[in-house]
Amino acid sequence: GAVQTVAEGAAVGEREPERTDFRKLLKGFVSLSRSSSSITLRPGSCRLFNECPLASPPSLRPADKVLKELIEPYELRVAKLREFLLDVKPSLHYDIVPLLDPYGPSITDPELQCIVVSEETRKGGEAVNKKRLENGLSELALYEILLVKDPYHSENEEEKISSSSLRQRLLGTLLQPPRKDPALPSRPYVIGLTGGTGSGKTSIAKYLEHLGAFLIDADKLGHAVYIPGGPAYEQVVEKFGPEILNEDGTINRKVLGAKVFGNQERLKCLTDIVWPEIAQMVKKKIGEADSLGKAVCVLDAAVLLEAGWKDMVHEVWTAVIPEEEALKRIMDRDGLSEEAAQNRLQSQMTNSQRVEPAHVVLCTLWEPAVTRKQVEKAWALLQERMSQDQSQPA
Ligand SMILES: CC(C)(COP(=O)(O)OP(=O)(O)OC[C@H]1O[C@@H](n2cnc3c(N)ncnc32)[C@H](O)[C@@H]1O)[C@@H](O)C(=O)NCCC(=O)NCCS
Ligand SMILES: Nc1ncnc2c1ncn2[C@@H]1O[C@H](COP(=O)(O)OP(=O)(O)OP(=O)(O)O)[C@@H](O)[C@H]1O
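Residues numbered from 1 in each chain as written. Chains lettered and ligands numbered in written order. Predicted model: local features only at pLDDT ≥ 70, side-chain atom pairs only at ≥ 80, totals over all residues. Heavy atoms only, no water.

In the nomenclature of an unreviewed UniProt entry, the protein chain is known as Bifunctional coenzyme A synthase of Apteryx owenii. Taken verbatim from the UniProt record of the protein chain, the Sequence similarities (unreviewed entry) comment is "In the central section; belongs to the eukaryotic CoaD family." Reading the Function (unreviewed entry) entry of the UniProt record for the protein chain gives the comment "Bifunctional enzyme that catalyzes the fourth and fifth sequential steps of CoA biosynthetic pathway. The fourth reaction is catalyzed by the phosphopantetheine adenylyltransferase, coded by the coaD domain; the fifth reaction is catalyzed by the dephospho-CoA kinase, coded by the coaE domain. May act as a point of CoA biosynthesis regulation." (UniProt positions renumbered as here; feature names shortened; annotations may be inferred.)

Asker: Outline the pattern of salt bridges, supporting the account with residue identities and numerical values.
Answerer: Summed over the entire model, instances satisfying the criterion amount to 17 salt bridges. A salt bridge links E288 to K285, with the nearest nitrogen and oxygen atoms 3.9 Å apart. Taken together, the positions of E288 and K285, both in helix 9 (residues 264-291) and three residues apart, correspond to about one turn of that helix. Using a relative accessible area of 27% as the deciding quantity, one classes K285 as partly exposed. We note a salt bridge from D334 to R333, for which the minimum N-O separation is 2.8 Å. Residue class for D334 comes out partly exposed when judged on its relative accessible area of 27%. One salt-bridge network, held together by shared partners, links E120, E158 and K160. (Salt bridge = Lys/Arg side-chain N within 4 Å of Asp/Glu carboxyl O. Helix = DSSP H or I, 4+ residues; strand = E, 2+ residues; numbered from the N terminus. Buried < 20%, exposed > 50% of the residue type's maximum accessible area, 1.4 Å probe, protein only.)

Asker: Now, about the site of ligand 1: what can you tell me, with residues and values included?
Answerer: Around ligand 1, the surrounding shell holds 22 residues, and the nearest of these are D219, H223, Y226, R253 and W275. Side-chain polar atom of H223 to an oxygen atom of ligand 1: 2.7 Å apart, as the coordinates give it. Calculation on ligand 1 without its partners gives an accessible area of 760 Å², and the protein chains cover 94% of this total. Going through the elements one at a time, helix 6 (218-224), helix 8 (253-260) and helix 9 are the ones with two or more residues in the shell around ligand 1. Among the residues making up the shell around ligand 1, the classes are represented as twelve nonpolar, six polar and four charged. (Near = heavy atom within 4 Å. Polar contact = N/O pair within 3.5 Å; in protein donor to acceptor, adjacent residues only side chain to side chain. Areas by Shrake-Rupley, 256 points an atom, 1.4 Å probe, with all protein chains shown as cover. Nonpolar A, V, L, I, M, F, W, Y, C, P; charged D, E, K, R; others polar.)

Asker: So what about the site of ligand 2? Which residues, and what values?
Answerer: As a matter of local geometry, ligand 2 sits amid 16 residues, with T197, K201, T202, R333 and W366 nearest to it. At 2.4 Å from an oxygen atom of ligand 2 is found a side-chain nitrogen or oxygen belonging to T202. Within the contact set of ligand 2, an oxygen atom lies 2.9 Å away from a side-chain nitrogen or oxygen of S203. At the level of secondary structure, the elements contributing two or more residues to the shell around ligand 2 comprise helix 5 (201-210), helix 10 (323-334) and helix 13 (368-391).

Here it is, written out as structure tokens:
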């Protein structure tokens, strides 16, 4: 007989923070030994390899996982899992099977004899056995293991070793080396802060300003370009007609917004006019910050990546929030209908697209105090790398 090891969202496969050497910690617990016909497992050994999403509470299923954008690609997780297995038990024979549905091969493979579950996933094991009986297969022995406690878990993290906690600890840290662009002056150091509407950029930007950054709000500059007499006023009115005007001749942004959000062609028409003007104003502001002796500028810009403004910044910092939460927040904040809020969200890039080029990721899903701590951590680490950079010979 055989036991199949199913790797789905195993903790080892995700980016590990430096502080916690889970590999060492887990080595102490893992003890896999292969007998002639099966793998025997001692308590505490297998949570890592064997995740049964059926039994996980809905909030933990892959699609709903906290900070799912920070989960590494499947192939990389499998590679890391193989490396780990080789490390702890080179003689082990195993298959790694992607779980494309909650059961995987557990309900169809007649060779299987045993399934390893944790106290959290016991119900999933029982569901597997129900399906096996329906399929005319024998029930699997349920081998239940304890959850391994995480000695480093903080107050707002789970007590067990959890990949969600690992991902939370990545927030605020540098995920890839800063851009090295010879065309970009080294000072002031510019952070491009982006994120979907309602992701909390403005709150984050305020904390950063409080910590000493010079703040550039691209939304505000965007509004300034089409005040009457501004560089884009005439063109915008010409393009979108007098119906976007208030009685006093100013542009009514709510009316304009309703015209462009949800209509890609019209939105592009507007942004083709205003983005180059905003970019000019941003450059001016960066110059202003420099003359004020500010070392760090934060460019708060939802459309940083779409508009190609990444070229103006040294690092991209991305704020993420699950879409359903963003929807609620902008409906509350701006009094938008669900449809209008959806249109805004649909006009934008996805969280994953923004996380991919990000140097630092932040998340405002929890209480404001948690966001503040994240920002303070990100700021402290930024100061550290800026001072290291300065001490390097030019
Ligand atoms: C459509 C307009 C008139 C709506 O104005 P309004 O005051 O109602 O909204 P505001 O400007 O505060 O934007 C609110 C949020 O909508 C999102 N948003 C704005 N413009 C865009 C865009 N071009 N693409 C995607 N999302 C956008 C952002 O998340 C922004 O933070 C205005 O957003 C606009 O002129 N947009 C085009 C210029 C632009 O891209 N500005 C954003 C610079 S970061
Ligand atoms: N940590 C938090 N907990 C709860 N609510 C928050 C948190 N951070 C921000 N919010 C709320 O969520 C809403 C959206 O945040 P914010 O205005 O900072 O987003 P934004 O990314 O700047 O949005 P936009 O791009 O639409 O301007 C605000 O009403 C804000 O008060």
